[in-house]
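Working through the structure, step by step
Chain by chain, the residues run as shown.
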Amino acid sequence: MDIINNFIYIFRSIEEKELESVYTEILFHWLTCNFHKIDIPGLTDAFIRYHTPEHRNYYACINPQNTTKSVIELVEQCIPLLQIKCHKAHSRTLKTIRLPVAMAGKLLEWLPNLKILHLIRDPRGIVNSQFEQVVTEGKNLSTSSEELCQTISKDVKSFSELHRCHGSRILSVIYENLCQNPHTMVKQLFEFFGKTYSKRVKDFVNRTMQGPVKSCDYCTDRGNALANAYRWISKIRKGTLQTIDSHCSFLYSYLGYQKLDYNKLNTTKISWMPNYS
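The rules behind each value
Residues numbered from 1 in each chain as written. Predicted model: local features only at pLDDT ≥ 70, side-chain atom pairs only at ≥ 80, totals over all residues. Heavy atoms only, no water. Helix = DSSP H or I, 4+ residues; strand = E, 2+ residues; numbered from the N terminus. Buried < 20%, exposed > 50% of the residue type's maximum accessible area, 1.4 Å probe, protein only. Contact = heavy atoms within 4.5 Å. Areas by Shrake-Rupley, 256 points an atom, 1.4 Å probe, with all protein chains shown as cover. Phe/Tyr/Trp six-rings, centres within 6.5 Å; stacked < 30°, edge-to-face > 60°. Lys NZ or Arg CZ within 6 Å of the ring centre and 35° of its normal. Patch = residues over 30% accessible without salt bridge, like charges linked within 9 Å, V, L, I, M, F, W, Y side chains within 5 Å. Salt bridge = Lys/Arg side-chain N within 4 Å of Asp/Glu carboxyl O. Disulfide = S-S within 2.5 Å. Axes fitted to C-alpha atoms, helices over the stretch in contact; angles between N-to-C directions. Parallel < 35°, antiparallel > 145°, perpendicular 65-115°, else oblique. Left-handed = near helix turned anticlockwise from the far one by under 90°. Nonpolar A, V, L, I, M, F, W, Y, C, P; charged D, E, K, R; others polar.

**Regarding the overall build of the protein**
Scanning the protein from N- to C-terminus turns up 14 helices and four strands. Scored against the burial criterion, the 277 residues of the protein give a buried share of 37%. A sequence separation of at least 24 residues applies to 60% of the contacts in the protein between residues at least 6 apart. Summed over all atoms, the accessible surface of the protein reaches about 17,600 Å², with 51% contributed by carbon and sulfur.

Shown next as structure tokens:
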């Protein structure tokens, strides 16, 4: 434990079985502006610089050109910049890919004004992207596919359970549906969050989802959303598709996806066709 300027920093060892509950706690602290209870790596990650431009002053503050202060001292000195932005915000939005839907139920209990959007994507697109970008945590294709689709299956079941108790506060959206029908789906999202789908928003959707493709792996605005969503169809290898199918095809029909014939991929444009038989 370190005490700096009356702030207490606790160094804590975390076992793997605790990770999900710790993720939930950290999200709670981000959403409630309680930055002194967030881990130092989270408060210093470069994603803050690149993907939250509203916090550029904070990121510059913790990365001065010349300093003799420790990282912990710099974070403690700069946290007020985060707190000011956080408390002034009309809403606070976090995107996470690590939190199981079951644990999101805790956040719904702790935060009565919270709403949760559960985004589902075709697992073939997810796995193919992971291996293209080499973000596989050292796992082989079969293991990655199996773990992903078991996680999606658990999340779908958990969502169904949570929806019975928190129906108006939790919404599930298919990513490909959002890309295929951007205006219909974004309007639905705005209604879910109690916001107006204005002409300004409609123009923004046209600009960010239907413009030319942009080369940026982690950007939220990558241009032509439909082309990006289905890029994997023209890139995936036969063996990769077969391996993913062997672990994930049990989910396809339930989620509205079609099992695809590799030999017909050159004429296949989309995989989400819920009304196709």
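**Examining the packing of aromatic side chains**
Applying the stated rule across the entire model yields four aromatic pairs. Here Phe28 and Trp110 contribute two aromatic rings whose centre-to-centre distance is 5.5 Å and whose plane-to-plane angle is 80°, an arrangement assigned as edge-to-face. With Phe28 in helix H1 (residues 19–31) and Trp110 in helix H6 (residues 101–110), the pair connects residues that are 82 residues apart, well separated along the chain. Taking the relative accessible area as the measure of exposure, Trp110 reaches 40% and is therefore partly exposed. Judged by centre distance (4.8 Å) and plane angle (70°), the rings of Phe192 and Phe193 are edge-to-face. The class for Phe192 is buried, based on a relative accessible area of 11%. For Phe193, a relative accessible area of 37% translates into the label partly exposed. Cation over ring: Lys115 sits above Phe192, and NZ or CZ is 5.1 Å from the ring centre.

**Observations regarding the environment of Arg237**
Relative to the helices and strands, Arg237 resides in the loop between helix H13 (231–235) and helix H14 (238–255). Each C-alpha atom of the pair Arg237 and Pro274 lies 24 Å from the other, and the pair is 37 residues apart in sequence.

**What about a nonpolar patch on the surface?**
On the surface, a nonpolar cluster with roughly 220 Å² of combined accessible area is contributed by Ile14, Leu19 and Tyr23. Within the element layout of this structure, Leu19 appears in helix H1. Take Leu19: its relative accessible area is 31%, and that puts it in the partly exposed class.

**Thoughts on the state of the cysteines**
Under the defined criterion, the tally for this structure stands at three disulfides. Each disulfide pairs two cysteine sulfurs, and for Cys61 the partner residue is Cys78, the sulfurs being separated by 1.9 Å. The sign of the S-S torsion, about -80°, decides the handedness of the disulfide formed by Cys61 and Cys78: left-handed. Of this pair, Cys61 sits in helix H4 (residues 56–62) while Cys78 sits in helix H5 (residues 71–88), and the two are 17 residues apart along the sequence.

**Some points on the packing of helix H7 (residues 123–132) against helix H8 (residues 141–166)**
Interaxial distance between H7 and H8 falls to 10 Å at its minimum, and their mutual angle equals 140°. Accordingly, the angle class assigned to the pair H7 and H8 is oblique. Seen along the crossing, H7 lies across H8 with a hand that is right-handed. Across the interface between the two elements, Pro123, Ile126, Val127 and Phe131 from H7 touch Leu141, Ser144, Ser145, Leu148, Cys149 and Ile152 from H8. Of the residues belonging to the contact of H7 with H8, the class tally is eight nonpolar, two polar and no charged.

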